[in-house]
Amino acid sequence: MIVEQEVSKSIFMIAVGKEIFRLRKKRGLSGKQLAERLNISQQQVSRYERGVCNINVDTLFVILHELDCSLSGFFSSVYLNVNNVEKEIGTHYINLFLPPVPYYHGENAFSVKMSKLVG
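Throughout, a residue's number is its position along its own chain's written sequence, starting from 1. In keeping with the predicted nature of the model, local features appear solely for residues at pLDDT of at least 70, side-chain atom pairs appear and are counted solely at 80 or more, and the whole-chain, interface and lining totals rest on all residues. The side-chain numbers reported here are obtained from all heavy atoms of the structure, hydrogens and water having been left aside.

(A) Spatial organisation of the overall build of the chain. Where helices and strands are cited, they refer to DSSP runs of H or I of at least four residues and of E of at least two residues respectively, numbered from the N terminus. Across its full length, the chain carries 7 helices and 0 strands. Ordering the α and β elements of the chain from the N terminus gives α-α-α-α-α-α-α. For the chain, the proportion of its 119 residues judged to be buried stands at 34%. Long-range contacts, defined as pairs at least 24 residues apart, comprise 56% of the intrachain contacts of the chain with a sequence gap of at least 6. With the model as given, the accessible surface of the chain reaches about 7,800 Å², and the carbon-plus-sulfur share is 55%. Accessibility here uses a 1.4 Å probe with only protein chains present; expressed as a share of the type maximum, an area under 20% marks a residue as buried, one over 50% as exposed, and anything in between as partly exposed. The contact definition used throughout considers only heavy atoms, calling two residues in contact when any of these lie within 4.5 Å. Per-residue accessibility takes into account occlusion by the displayed protein chains alone, with areas from the Shrake-Rupley method and a 1.4 Å probe.

(B) Inspection of the environment of L98 at higher detail. Locating L98 in the fold gives a position in the loop between α6 (87–92) and α7 (109–118). With a relative accessible area of 11%, L98 lands in the buried category. Remark: the alpha-carbon pair of L98 and S76, spanning 22 residues in sequence, is separated by 8.6 Å.

(C) Geometry of helix α5 (residues 71–85). Each residue after the first adds 1.5 Å to the expected span of a helix. A rise of 1.5 Å per residue sets the reference length of α5, with its 15 residues, at 21 Å; its end C-alpha atoms lie 21 Å apart and thus fit the reference within 8%. Turning to α5, its buried residues are F74, S77, V78, Y79, V82 and N83.

(D) Expanded view of the pattern of salt bridges. Only one rule defines a salt bridge in this text: a Lys or Arg side-chain nitrogen within 4 Å of an Asp or Glu carboxyl oxygen. Counted according to the given criterion, the structure contains 3 salt bridges. For the salt bridge of R22 with E19, the shortest nitrogen-to-oxygen distance reads 2.6 Å. Of this pair, R22 and E19 both sit in helix α1 (residues 2–26), 3 residues apart, which is roughly one turn of that helix. Notably, a salt bridge pairs E49 with R24, separated by 2.5 Å at the nearest N-O pair.

Rendered as structure tokens:
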């Protein structure tokens, strides 16, 4: 179980990093430019993007603000990245990425929630 948790953490760190990288490129920013906006080193931005360094919530919020990305949009993409890499982990953690159940009613609640997530 501990090994599975470590693998899950690693997959999420990598998925978060990939999404930061994707957003940065989409916005036409270099690693150096993003680093300057965040007042951190370019190497630290690279560590976040490669998923080799934990990112705290405060830093993630600032990064997402600089990249003009909502939390829900960001984490929907992170989930899709995780699910593409490791379906079992994506399935295990899907409840973290979906709105609470009271928003949906009836027997098709799960499929409605999935269609909201994946479009």
